[in-house]
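Secondary and tertiary structure notes
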Amino acid sequence: MNNSITDKVNKALEEVRPFLVADGGDVELIDIQDHVVTIKFTGACSDCSINQSTLKLGIESTIKKHVPEILEVISIVE
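Note that the coordinates shown come from a computational prediction; the quantities given were computed from them, not determined experimentally.

1. Overview of helix α1 (residues 3-22)
Along its 20 residues, α1 runs 28 Å from first to last C-alpha, staying within 8% of the 28 Å computed at 1.5 Å per residue. Of all the bends in α1, the largest measures some 40° and sits at valine 16, one to four residues before the proline proline 18. Those residues of α1 that are buried lie in contact with β1 (25-33), β2 (36-43) and α2 (51-66). Residue glycine 24 follows α1 closely and has a positive phi angle near 85°.

2. Considerations on α2
Look at α2: 21 Å from first C-alpha to last across 16 residues, which is about the 22 Å you get at 1.5 Å a residue. Where α2 bends most, the angle comes to about 30°, and this point is glutamate 60. All buried positions along α2 are accounted for by Asn51, Leu55, Ile59, Glu60, Thr62 and Ile63. On its buried face, α2 sits against α1, β1, β2 and β3 (72-76).

3. Things to note about the packing of α1 against α2
Axis separation between α1 and α2 bottoms out at 8 Å; the angle between their running directions is 145°. Seen along the crossing, α1 lies across α2 with a hand that is right-handed. From α1, Lys8, Val9, Lys11, Ala12, Leu13, Glu15, Val16 and Leu20 reach across to α2, where they touch Thr54, Gly58, Ile59, Thr62, Ile63, Lys65 and His66. Residues that form the contact of α1 with α2 fall into these classes: seven nonpolar, four polar and four charged.

4. Some thoughts on the pairing of β2
Bridge count between β1 and β2: eight bridges; the pairing is antiparallel. Residue pairing for β2: isoleucine 32 is matched across the bridge by valine 37.

5. Details of the pairing of β3
With five bridges connecting them, β2 and β3 associate as parallel partners. Opposite valine 36, over in β3, you have glutamate 72 as the bridge partner. Since β2 and β3 lie parallel, the crossover through α2 that links them has a hand, and here it is right-handed.

Calculation notes
As a convention, each chain's residues are numbered from 1 in the sequence order in which they are written. Residue-level local features of this predicted model are given only where pLDDT is at least 70; pairs of side-chain atoms are given and counted only at 80 or more, and the full residue set underlies all totals for whole chains, interfaces and linings. As a rule here, side-chain values cover all heavy atoms of the structure and leave hydrogens and water aside. Helix and strand definitions follow DSSP, with helices as H or I runs of at least four residues and strands as E runs of at least two, each counted in order from the N terminus. For a helix, the expected span equals 1.5 Å multiplied by the residue count minus one. Axes are fitted to the seven residues ending at a residue and to the seven starting at it; the angle between these axes is taken as the bend at that residue. Every residue pair with non-hydrogen atoms within 4.5 Å of one another is taken to be in contact. Accessibility here uses a 1.4 Å probe with only protein chains present; expressed as a share of the type maximum, an area under 20% marks a residue as buried, one over 50% as exposed, and anything in between as partly exposed. Only the contacting stretch of a helix is used when fitting its axis, a line to C-alpha atoms as for every element, and angles between N-to-C directions run 0 to 180 degrees. Helix crossings get a hand from a simple test, with the near helix turned counterclockwise from the far one by less than a right angle marking a left-handed crossing and a clockwise turn marking a right-handed one. Residues are grouped as follows: Ala, Val, Leu, Ile, Met, Phe, Trp, Tyr, Cys and Pro are nonpolar; Asp, Glu, Lys and Arg are charged; all remaining types, including Gly, are polar. One bridge is not enough; two strands pair if DSSP finds at least two bridges between them. With the strands aimed away from the viewer, a crossover counts as right-handed if its path from the first strand over the helix to the second runs clockwise.

Keep in mind these numbers describe shape, not what the thing actually does.
This is the structure:
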């Protein structure tokens, strides 16, 4: 992962993290490959029925605001 892009993505995640934590969840950066960010929801967010809306409308839009070269944000389930 490119450190500059990683730092920017982490900064964007810090911006949305308080909203997730307030609902008992969190998000973890897993990887950045080919301008695609992979995240993992944790806590209450991992099985929340609206986490894909949160992913696209909250997390992806915030990351793209900070790092315009990011094309997409996807989540994984472990």
